[in-house]
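Coordinate inspection notes
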Amino acid sequence: MSGHLIDLHYYVESVLSFLLGFGRDQLHGIGTASPAPLGGPLYGLGDLLGAEWLLVLLTWLLVVTVMVMWGTAVNLLVMMWIERKFYSRLHDRVGIKIGLPSMGFLATIPLLGGLFKNFVKRPSHLGTGFLQNVADGVKLVQKENLTPKSADAFTFHVAPVLIATSSLLVFAAIPFSEGFAVMRQVDLAGNSTNPLGILFILAAFGLAPIGILIAGWSSNNKYTLIGGMRSAAMLMSYEIPIILCIIAVVILTGSLDPFEIVRQQTVSLGEAVPALSLLPPTSSAPLYIPNWFIFPQIIGFIVFFVAILAEQERIPFDLPEAEAELVEGWLTEYSGMRFGLVFGFKWLRALAGSSLLVILYLGGWTGPAIGTGLSIGQVGVFFPPQELWFMLKVYGVFLVWVWISWTFPRIRIDQILHIGWKKLIPLSLVTILLAIAMRGLGVYA
Amino acid sequence: MAIEEEVKKDLEGRFGGVLKASRVLRPRVVQVRIDRRDLLPIAKHLKATGFEHLSCISAVDWVTRFESVAHVTSWSRNCLVEIVAEIPHDNPKIDSLFGVWPGADFHEREAWDLMGITYTGHPNLERILLPRDFKYHPLRKDFPQEVDRQYVSRRKLGGG
Amino acid sequence: MAQAGEQHGDAMWINMGPQHPMTHGLWNLRVRVDGETVVEALPEIGYLHRGVEKIAEVREFHKVVVLTDRLCYVSSITWSHAYCLAVEELMGITDKIPARGRYLRVVSNELQRVASHLMWLAAYGPDIGLLTGLLWALRERELFLDLIQALTGQRMNQNYPRVGGVRNDIPATFPRDCEKVVRHFFKKLEEYESLFERNKTFRMRTEGVGVLSKEDAMAWGVTGPNLRASGVDYDLRKLDPYDAYAELKFEPAVARGGDTLARYLVRIEEMRTSCALVLEALKKIPAGPYRVKAPRRAEGQAFRRTEDARGEALFYVCGDGSDRPYRVKIRSPIFCTMSAVPTIMRGNKVADVISIMGSLDVCVGEMDK
């Protein structure tokens, strides 16, 4: 059982309350020590700094900022970098396989230097290539943002904002561990809880097709319109299997709370399914099969896996975007950072989709851990912490998606819709039936 | 009897009067030389006797006459007939083989485009390789050849 | 990129090309679309017309090889070879070509054929969205280009076949290198199978798409792998053998169906056949001269046809007694396949047009001459 390392609200609140309290005390001191006309307002300013509402407001703002920075600045760059390295390995490209070991100074390490000598001799670029994405971002920022003359200016400018914000909005409700979450309350038993969290995630996910449709329509180009409509059709038709699979999981757990869903996946499989009582019973045994919902919901897992892949508009489902007939589909008329924002946030949606998959089916942030004796605040520190387990699982799922992306051709739009409507929806209805049956017949507690 | 002898005898038997010349070039290849009027009957006969594939229609500009050379293959009988049709230079018209073999389509368009031979009965005789508004037929011998060459040997320069 | 054409009624003309990332060369395809279905397709070619036939009339017979190399630059040796055969027929020295020269021509032809088919595969992968195919096929093509470079000194436009034989003999280690490459390549072909053939999505995109029936193929003059993919078992190397093909054993690759999957399968099988032919020819190659001195002047008319990587390549050469050809007529297989494109495209969906065009293996250099 792992414990979380970062309790976002708690840390931010403590840091802020320390800073604000310090500022308040200082201002109180200055205020009492100052001459009359100045002293009162300064003292009042100190009171302002110490006010409860300011602390709460700043805490929320900073928490959201940290989450956004984590989502975009860190994860986005890392995901793009990892994807490039991974598919270049699939492609058997030589240059990009050389990375850290090829740095010249590594061969000079006294004992281990011998390991790196061969790498350094190979002619290649030096470095890991991580800053390539930063360079791409800088390039896009300094490009001109063109607006087509006959485009509908307001919606043309609003659409990328809508897509970007809806991608970021999902992260408000996705927890990365028991503490690292924006929307989180603590209930009486000390557990994190966020009732209706899954509902919020689904709603935020569902905003993206609107943005895409608006983008395709407002460019005033016959082909972006076709691309936008195809994209919207595909995204909307694949949201239905997603929602149905989530309904199946919710039936099994009885709650829309991501924290609760993950908590229910920590019990042992033997406890959840009384018929399997031969398995090690308690969750404190060193080796046990946890009750990850992938086991009772294997069909739902597969359907959700495919449907989220389509939601992200990755190859094999990227025909609306990269069709040879339409240059970039609904994205054609965008240039500069507007394009960069929408294009880059594809990876953010990959992170969101992957996180959702991990939370629902793969046990979220739980995993075996060793407790160290330390503790921060009131929470004990475990190694590996929950955040690390979560990130490992998320990146693992992401790598499988990258693998699939670069192995399959594109599917045609009518075949995509055929799969979505005629194959995935019936399967997801079957999972719902299975979930109801398992709960109802007492096979699954 | 070898296939080329068979085909030659068959053609001579049916069209003996109009064939100006006919001979066997090499195993499985027969050459006949005709006037342009008789192209279509011979072509139809060949198509009927199993020559399914039209390999090529070439146009040659011998200065006093044109020639439209059709190479017709029979896959099933493994034989090729080369039909050389002579066309007078001042009136370059000949029947189109499109009705017999649709594959003649682009060949005849190219011959019209580059050489200026009109194929009557072709559904869409337009320029294919050159721009639509190009006025000349470049492969004719009276269309000037590219004369300034970059390499001239020293001997020629010195007047040798 | 696609631009809107005129709109007549409710059908729309779309221009695919001439600048298009997926057409592999400079040609235009105008497609008339009704909803999602293609109603009519009109290819427009000639963007790469260089007047090779006209230039050939002012170059000496032996120097035209440089021009014919550049007809189809992806598959240069096969085109120069066809030209040399036609000129040798014209000069009457066909029987005098030494055996070693004939076998070397077979070896170089087949190596070039494999390289050409790998280039097709590398271009076809991205057409349907499989970018991994590009990298893998080009990786293998490098091996064959290395072999060709060891043999001829150049990777493309090699100027290797000569009227009367070939330009030079093989290096000493060449048979061993060929064996190593072919062994490695056969292992990689298994990988390609798993990436393409056994890939469910690839089959979804290519099965039943772009069907060309047997009768249509023969009527429109389609030859080569496109014809054999429609179930017609005619390979000029077997029917009308030239060079040393009569002495080598192989089976032409035929597939049924006539769709893009069949064309893919035929080309993969042809790569295997070509590799086997190279090894067999290198085993059987006799010692002796590889080239005979050809006369400078020639008179008369002659033609010769070969099985190029893309179909039947026929050269009709006329001489008038001087040392330059009087007329060189080039029959390009893709030129004839292009006339069948409307028949193939009708009834398919717009999203499949790129896939079909890629599967026909269009090389604009030989099409436009």
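A brief look at the structure comes next. Values in this document were obtained by computation on a predicted structure and should not be read as measured data.

Thresholds applied
Residues numbered from 1 in each chain as written. Chains lettered and ligands numbered in written order. Predicted model: local features only at pLDDT ≥ 70, side-chain atom pairs only at ≥ 80, totals over all residues. Heavy atoms only, no water. Helix = DSSP H or I, 4+ residues; strand = E, 2+ residues; numbered from the N terminus. Buried < 20%, exposed > 50% of the residue type's maximum accessible area, 1.4 Å probe, protein only. Contact = heavy atoms within 4.5 Å. Phe/Tyr/Trp six-rings, centres within 6.5 Å; stacked < 30°, edge-to-face > 60°. Lys NZ or Arg CZ within 6 Å of the ring centre and 35° of its normal. Buried area = accessible area lost by both parts, 1.4 Å probe. Salt bridge = Lys/Arg side-chain N within 4 Å of Asp/Glu carboxyl O. Nonpolar A, V, L, I, M, F, W, Y, C, P; charged D, E, K, R; others polar. Pairing = 2+ DSSP bridges. Polar contact = N/O pair within 3.5 Å; in protein donor to acceptor, adjacent residues only side chain to side chain. Expected span 1.5 Å × (residues − 1). Patch = residues over 30% accessible without salt bridge, like charges linked within 9 Å, V, L, I, M, F, W, Y side chains within 5 Å. Areas by Shrake-Rupley, 256 points an atom, 1.4 Å probe, with all protein chains shown as cover. Lys, Arg positive; Asp, Glu negative; His and termini not counted. Charge placed at Lys NZ, Arg CZ, Asp CG, Glu CD. Axes fitted to C-alpha atoms, helices over the stretch in contact; angles between N-to-C directions. Core = buried A, V, L, I, M, F, W, Y, C linked by side-chain atoms within 4.5 Å.

The subject of this paragraph is the overall build of chain B. Within chain B one finds four helices and seven strands. When the helices and strands of chain B are placed in sequence order, the string is α-β-β-α-β-β-β-β-α-β-α. Taken along the three principal axes of its C-alpha coordinates, chain B extends 60 × 40 × 30 Å. Of all 160 residues assigned to chain B, the portion counted as buried reaches 54%. The long-range fraction of contacts in chain B, counting pairs at least 24 apart against all pairs at least 6 apart in sequence, stands at 49%.

Moving on, we come to the packing of aromatic side chains. Enumeration over the complete set of coordinates arrives at 39 aromatic pairs over all chains. Seen from their ring centres, A:Phe176 and A:Phe390 are 5.3 Å apart, and the 75 degrees between their planes marks the pair as edge-to-face. Note that A:Phe176 is positioned in the loop between α6 (153–169) and β1 (185–186) and A:Phe390 in helix α15 (residues 386–405), a separation of 214 residues in sequence. Taking relative accessible area as the criterion, A:Phe390 reaches 0% and is therefore assigned buried. Ring geometry for A:Phe304 versus A:Tyr361: centroids 5.7 Å apart, planes at 50 degrees, classification tilted. Here A:Tyr361 lies in helix α14 (residues 336–361) and A:Phe304 lies in helix α12 (residues 298–311), a separation of 57 residues in the sequence. Here A:Phe304 and A:Tyr361 have matching classes, each one buried. Joined through ring pairs, the aromatic side chains of A:Trp70, A:Phe171, A:Phe176, A:Phe180, A:Phe259, A:Trp365 and A:Phe390 make up one cluster. Lying across the ring of C:Phe303, B:Arg26 places its NZ or CZ 4.8 Å from the centre.

Residue A:Pro316 follows A:Ile315 across a cis peptide bond; omega there is 5 degrees. Here the phi dihedral of A:Glu313 falls at roughly 55 degrees; this positive angle occurs in a residue that is not glycine. Within the secondary structure, A:Glu313 sits in the loop between α12 and α13 (319–322). The phi angle at C:Asn159 is positive, at roughly 60 degrees, despite the residue not being glycine. Mapped onto the secondary structure, C:Asn159 falls in the loop between α5 (131–152) and β5 (161–162).

Each partner contributes residues to the interface: chain B has 49 residues there, and chain C has 43 residues. In total, about 4,000 Å² of surface goes out of reach between chain B and chain C, with carbon and sulfur atoms giving 57% of it. At the boundary of chain B and chain C, one finds five salt bridges. C:Lys329 is the salt-bridge partner of B:Glu110, the closest N and O atoms lying 3.4 Å from each other. For the side of chain B that touches chain C, the secondary structure elements donating two or more residues are β1 (21–26), β2 (29–35), β3 (53–62), β4 (65–74), β5 (79–88) and α3 (104–115) of chain B. The dominant element in the side of chain B that touches chain C, judged by the number of residues it contributes, is β3(B), at 10 residues. Partitioning the side of chain B that touches chain C into residue classes produces 25 nonpolar, 11 polar and 13 charged.

Okay, the pattern of salt bridges next. Residues and elements named next belong to chain B. Tallied over the full model, the rule gives 54 salt bridges over all chains. Across the salt bridge formed by Arg77 and Glu6, the nearest N and O atoms sit 3.6 Å from each other. Separated by 71 residues along the polypeptide, Arg77 in the loop between β4 and β5 and Glu6 in helix α1 (residues 3–15) bring together distant segments of the chain. Accessibility expressed as a relative area gives 36% for Glu6, which makes it partly exposed.

Quick look at the pairing of strand β9 (residues 325–331) of chain C now. Put simply, side chains in a regular strand alternate between the two faces of the sheet. Residue and element names in this part refer to chain C. Of all seven residues that make up β9, seven are buried, and the element is covered over most of its length. In this sheet, β9 lies alongside strand β8 (residues 311–320) in antiparallel orientation, the contact comprising six bridges. Each bridged residue has a counterpart across the sheet, and for Val317 the counterpart in β9 is Val328.

The next thing to look at is the arrangement of the chains. When the two pairs of chains in contact are ranked by number of contacts, first place goes to chains B and C. In this assembly chain A lies apart from chain B, the nearest approach of their C-alpha atoms being 25 Å.

Turning to the interface of chain A and chain C, a few remarks are in order. At the junction of the two partners, chain A supplies 23 residues and chain C supplies 33 residues. Here chain A meets chain C over a buried area of about 2,400 Å², counting both sides, of which 60% is carbon and sulfur. For the interface between chain A and chain C, the tally reads two salt bridges. The salt bridge partner of A:Asp92 is C:Arg139, with a shortest N-O separation of 2.3 Å. Taken together, the connections running from chain A to chain C amount to nine residue pairs in polar contact (both at pLDDT 80 or more). Residue assignment for the side of chain A that touches chain C shows that the elements contributing at least two residues are α9 (222–253) and α16 (413–440) of chain A.

What follows covers α9(A). Over its 32 residues, α9(A) extends 47 Å from the first C-alpha to the last, a length consistent with the 46 Å expected when each residue adds 1.5 Å. Just beyond α9(A), the residue with positive phi is A:Gly254, at close to 80 degrees.

So, on to a positive patch on the surface. Residue and element names in this part refer to chain C. Together, Arg176, Lys180, Arg183 and Lys187 make up a region of like positive charge exposed at the surface. Locating Arg176 in the fold gives a position in helix α6 (residues 174–197). On the accessibility criterion, Arg176 (55% relative accessible area) is exposed.

Here the focus is the sheet that holds β9(C). All names here are of chain C. Spatial ordering of the open sheet is given by β7-β8-β9, a layout of three strands whose pairing is antiparallel. Each of the sheet's edge strands pairs with one partner strand only, and the pair in question is β7 (299–308) and β9. Averaged over neighbouring strand pairs, the angle between their axes works out to 10 degrees when direction is ignored. Across the sheet, helix α3 (residues 76–91) touches β7, β8 and β9, and the angle it forms with β7 is around 150 degrees. Helix α12 (residues 333–345) contacts β7, β8 and β9 of the sheet and is inclined by roughly 125 degrees relative to β8.

One finds A:Phe176, A:Tyr238, A:Ile246, A:Phe304, A:Leu360 and A:Tyr361 to be the most contacted residues of the largest nonpolar core, which totals 87 residues. Among the elements that take part in this core, α14(A) stands out by supplying 12 residues, more than any other. When residues no more than four places from it in sequence are discounted, the contact partners of A:Ile246 are A:Ile198, A:Leu202, A:Phe304, A:Leu356 and A:Leu360. Listed in part, the 78 residues of the second largest apolar core include B:Leu11, B:Leu39, B:Leu130 and C:Ala340.

This next bit is on a nonpolar patch on the surface. Residue and element names in this part refer to chain A. Residues Leu45, Leu48, Trp53, Leu57 and Leu61 make up a contiguous nonpolar surface patch of roughly 500 Å² in combined accessible area. When residues of the nonpolar patch are traced back to their parent elements, those giving at least two are α2 (36–49) and α3 (52–90). Within the fold, Leu57 resides in helix α3.

Turning our attention to the sheet that holds β3(B). Residues and elements named next belong to chain B. Read across the sheet, five strands follow the order β1-β2-β5-β4-β3 without closing on themselves; strand pairing throughout is mixed. What marks the edges here is a single partner per strand, and that holds for β1 and β3. Recorded for the sheet is a direction-independent mean angle of 20 degrees between the axes of neighbouring strands. The pairing of β4 with β5 spans 10 bridges and is classified as antiparallel. The partner of Ser74 across the bridge, within β5, is Cys79. Packing against the sheet, α1 makes contact with β1, β2 and β5, and its axis sits at approximately 170 degrees to β1. Here helix α2 (residues 39–48) sits on the sheet in contact with β2 and β5, set at roughly 170 degrees to β5.

So, on to the side chain of A:Gln265. Residues and elements named next belong to chain A. Within the element layout of this structure, Gln265 appears in the loop between α10 (258–264) and α11 (269–272). Relative accessible area serves as the criterion here: at 0%, Gln265 is assigned to the buried category. Side-chain polar atoms of Gln265 contact the backbone oxygen of Ile359, separated by 2.8 Å. Excluding anything up to four places from it in sequence, Gln265 contacts Pro290, Asn291, Trp292, Phe293, Ile359, Leu360, Tyr361, Leu362 and Gly363.

Looking now at the environment of A:Ile251. All names here are of chain A. Tracing the backbone through its elements, the reader meets Ile251 in helix α9. Judged by relative accessible area, Ile251 falls into the partly exposed class, the value being 28%. Ile251 sits 188 residues away from Arg439 along the chain, and the two C-alpha atoms are 7.8 Å apart. With residues up to four places along the chain from it excluded, the contact list for Ile251 reads Ile432, Ala435, Ile436 and Arg439.

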